[in-house]
Amino acid sequence: MTVRPPEPSPRPAPSEELRASHDDREAVVEQLRDAAAEGRIDLDELDSRLEQALTSKTYAELAVLTADLPRLNSTESQPPLVLKGGMYGASRGPGCWEVPGHVIARGGVGGVKVDFTRVECRLTEVAVEAYGETSGVTIVVPDGWAVDTSCMDPGVGGLTDKTTPDRLPGSPLIRLTGSGGMAGVVIRHPNRRERRKLDSNPTQG
């Protein structure tokens, strides 16, 4: 009997080839309208670009329309936020903190927790690199935020994704990359204890 070699698994598409969502198109439409209001593009250009934005199918097609415009949010051009667990661990949040376009979390020996539950984020996407290393990384996102883990290496410790696929209009998409390392990476919505704390302190910064 002839044994057929296993077929190679499909390689993930580069981000620019991924299909754009309704929210992605709406974000570009908003940016174009703001640019026209600021005098960066004239009305003819606005009409042309809006038509293309509404019919674009991929991120690459949308990117062309805003390549010559300033980014909507300056946090996208900020340096990455780097959290290192070290010996004693590290955390960011809960609380109001400025979310850059790129977050790097290295679990180290003490572990790292990144909590987005009280942030105000106007970015359409946030790139999060998580490396579980010895003690792991935990990422907490609000309900309605979506997560893409397709480019994450689970490593030995694995990746535990407890988020729901439902994405609220205007909410960010977390693109998770990195490696689970020895201890793994967990991404989830708030647990019961965290929800009780949020409900009891609704305005806590």
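Quick note: structure is the one above.
The rules behind the values
Residues numbered from 1 in each chain as written. Predicted model: local features only at pLDDT ≥ 70, side-chain atom pairs only at ≥ 80, totals over all residues. Heavy atoms only, no water. Core = buried A, V, L, I, M, F, W, Y, C linked by side-chain atoms within 4.5 Å. Buried < 20%, exposed > 50% of the residue type's maximum accessible area, 1.4 Å probe, protein only. Helix = DSSP H or I, 4+ residues; strand = E, 2+ residues; numbered from the N terminus. Contact = heavy atoms within 4.5 Å. Pairing = 2+ DSSP bridges. Axes fitted to C-alpha atoms, helices over the stretch in contact; angles between N-to-C directions. Expected span 1.5 Å × (residues − 1). Salt bridge = Lys/Arg side-chain N within 4 Å of Asp/Glu carboxyl O.

Engineer: Even after reading the chapter, I still don't get the nonpolar core, so can you show me in this structure?
Structural biologist: Nonpolar side chains in soluble globular proteins generally cluster together in the buried interior. Judged by nonpolar contacts, the single largest core of 25 residues is most densely connected at Phe116, Val126, Val128, Ile139, Val141, Ile174 and Leu176. Sorting the residues of this core by element identifies β1 (81–84), β3 (102–106), β4 (112–115), β5 (125–131), β6 (137–140), β10 (173–179) and β11 (185–188) as the ones contributing at least two each. If sequence neighbours within four positions are ignored, Ile174 has contacts with Phe116, Val126, Val128, Val141, Trp145, Ala146, Val147, Asp148 and Ile187. Ranked by size, the runner-up nonpolar core spans 13 residues in total, among them Ala20, Ala53, Leu65 and Leu69.

Engineer: In this structure, what is going on with the sheet that holds strand β9 (residues 159–161)? I would like to understand it.
Structural biologist: In any sheet, the strands associate via hydrogen bonds between backbone groups, in a parallel or an antiparallel arrangement. Ordered in space as β2-β4-β6-β11-β9, the 5 strands form an open sheet in which the pairing is parallel. Edge strands, defined here as strands with exactly one partner in the open sheet, are β2 (90–92) and β9. Across this sheet, the average inter-strand angle for adjacent strands is 5°, counted without regard to direction. Relative to β6, β4 runs parallel, the two being bridged by 4 bridges. Paired with Val112 across the strands is Val137, a residue of β6.

Engineer: Is there a simple way to explain helix α1 (residues 22–37) in this structure?
Structural biologist: Residues lying three or four places apart along an α-helix face the same way, a consequence of the helix completing one turn every 3.6 residues. For α1, with 16 residues, the first-to-last C-alpha span of 23 Å sits near the 22 Å given by 1.5 Å per residue. What α1 keeps buried is the set Asp24, Arg25, Ala27, Val28, Val29, Gln31, Leu32, Ala35 and Ala36. Looking at the buried side of α1, the elements it contacts are α2 (43–55) and α3 (59–66).

Engineer: So what exactly am I meant to see when it comes to the pattern of salt bridges here?
Structural biologist: Think of it this way: side chains of opposite charge can pair up when their charged atoms draw near. Counted under the stated rule, the structure contains 10 salt bridges. Residues Glu38 and Arg40 are paired through a salt bridge, measuring 2.7 Å at the closest nitrogen-oxygen approach. Of the residues examined, Glu38 reaches a relative accessible area of 54% and is grouped as exposed. On the basis of relative accessible area, Arg40 is assigned to the partly exposed category, the value being 47%. Across the pair Arg49 and Asp68 runs a salt bridge, and its minimum N-O distance is 3.0 Å. Residue Arg49 is located in helix α2, and its partner Asp68 is located in the loop between α3 and β1; the two are separated by 19 residues in the primary sequence. Taking the relative accessible area as the measure of exposure, Arg49 reaches 12% and is therefore buried.

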